[in-house]
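Structural characterization, general
Chain residues, written in single-letter form:
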Amino acid sequence: EEQCFSEQHSSLINKAYQTLLNPLSRGLYLLELKGVEPARETDSDADSAFLMEIMEINEELAEPKDEDSLQEIETLIKVKREELTEEVTAAFERDDLQEAKKLLTKLKYFANLEDKLKKKKMPS
């Protein structure tokens, strides 16, 4: 009985750790705790300049690139994710949940770009 109990809790602890490890999932979880629904794909709060930036990066990823170009894109994505993570942290510290929600939506776009980049870098 204790072993079964331990296995169940071990699974929950691993899930909690994975949630807290990633800034995006951690932020979404904090919004959920505060009763704020995360932004949906259909919400159109994102500004056009931001969406253009995302489209440009997507276009760069779509074209065949050499390793240096991919490294540049990877660095850009990393820097943007770090900046957004800092801004999300500041929004939560100010208890500005709507701003945190907007920033987490932007962070989600960069997480998707990072996933695309990883797929692009994987040898086929």
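All values derive from a computational prediction rather than experimental measurement. (Residues numbered from 1 in each chain as written. Predicted model: local features only at pLDDT ≥ 70, side-chain atom pairs only at ≥ 80, totals over all residues. Heavy atoms only, no water.)

With respect to a nonpolar patch on the surface
Judged by side-chain polarity, L20, Y29, L30 and L33 come together as a nonpolar surface patch covering roughly 370 Å² of accessible area. Tallying contributions element by element places helix α2 (residues 23–33) first for the nonpolar patch, with 3 residues. Looking at the secondary structure, you find L20 in helix α1 (residues 2–21). (Patch = residues over 30% accessible without salt bridge, like charges linked within 9 Å, V, L, I, M, F, W, Y side chains within 5 Å. Areas by Shrake-Rupley, 256 points an atom, 1.4 Å probe, with all protein chains shown as cover. Salt bridge = Lys/Arg side-chain N within 4 Å of Asp/Glu carboxyl O. Helix = DSSP H or I, 4+ residues; strand = E, 2+ residues; numbered from the N terminus.)

Overview of the environment of K102
Within the secondary structure, K102 sits in helix α5 (residues 97–121). Considered as a pair, K102 and K116 are 14 residues apart in the sequence and their alpha carbons are 22 Å apart.

Topic: the packing of aromatic side chains
For the coordinates displayed, the defined rule picks out 2 aromatic pairs. Here the aromatic rings of F50 and Y109 are separated by 5.5 Å at their centres, their planes lie at 75 degrees, and the arrangement is edge-to-face. Taken together, the residues F50 in helix α3 (residues 48–62) and Y109 in helix α5 connect sequence positions 59 residues apart. For Y109, a relative accessible area of 27% corresponds to the partly exposed category. Ring geometry for F50 against F110: centres 5.9 Å apart, planes inclined by 65 degrees, an arrangement best described as edge-to-face. On the criterion of sequence distance, the pair formed by F50 in helix α3 and F110 in helix α5 is long-range, its members being 60 residues apart. Accessibility expressed as a relative area gives 6% for F50, which makes it buried. Note on F110: relative accessible area 1%, which makes it buried. A network of ring pairs unites the aromatic residues F50, Y109 and F110 as a single cluster. (Phe/Tyr/Trp six-rings, centres within 6.5 Å; stacked < 30°, edge-to-face > 60°. Buried < 20%, exposed > 50% of the residue type's maximum accessible area, 1.4 Å probe, protein only.)

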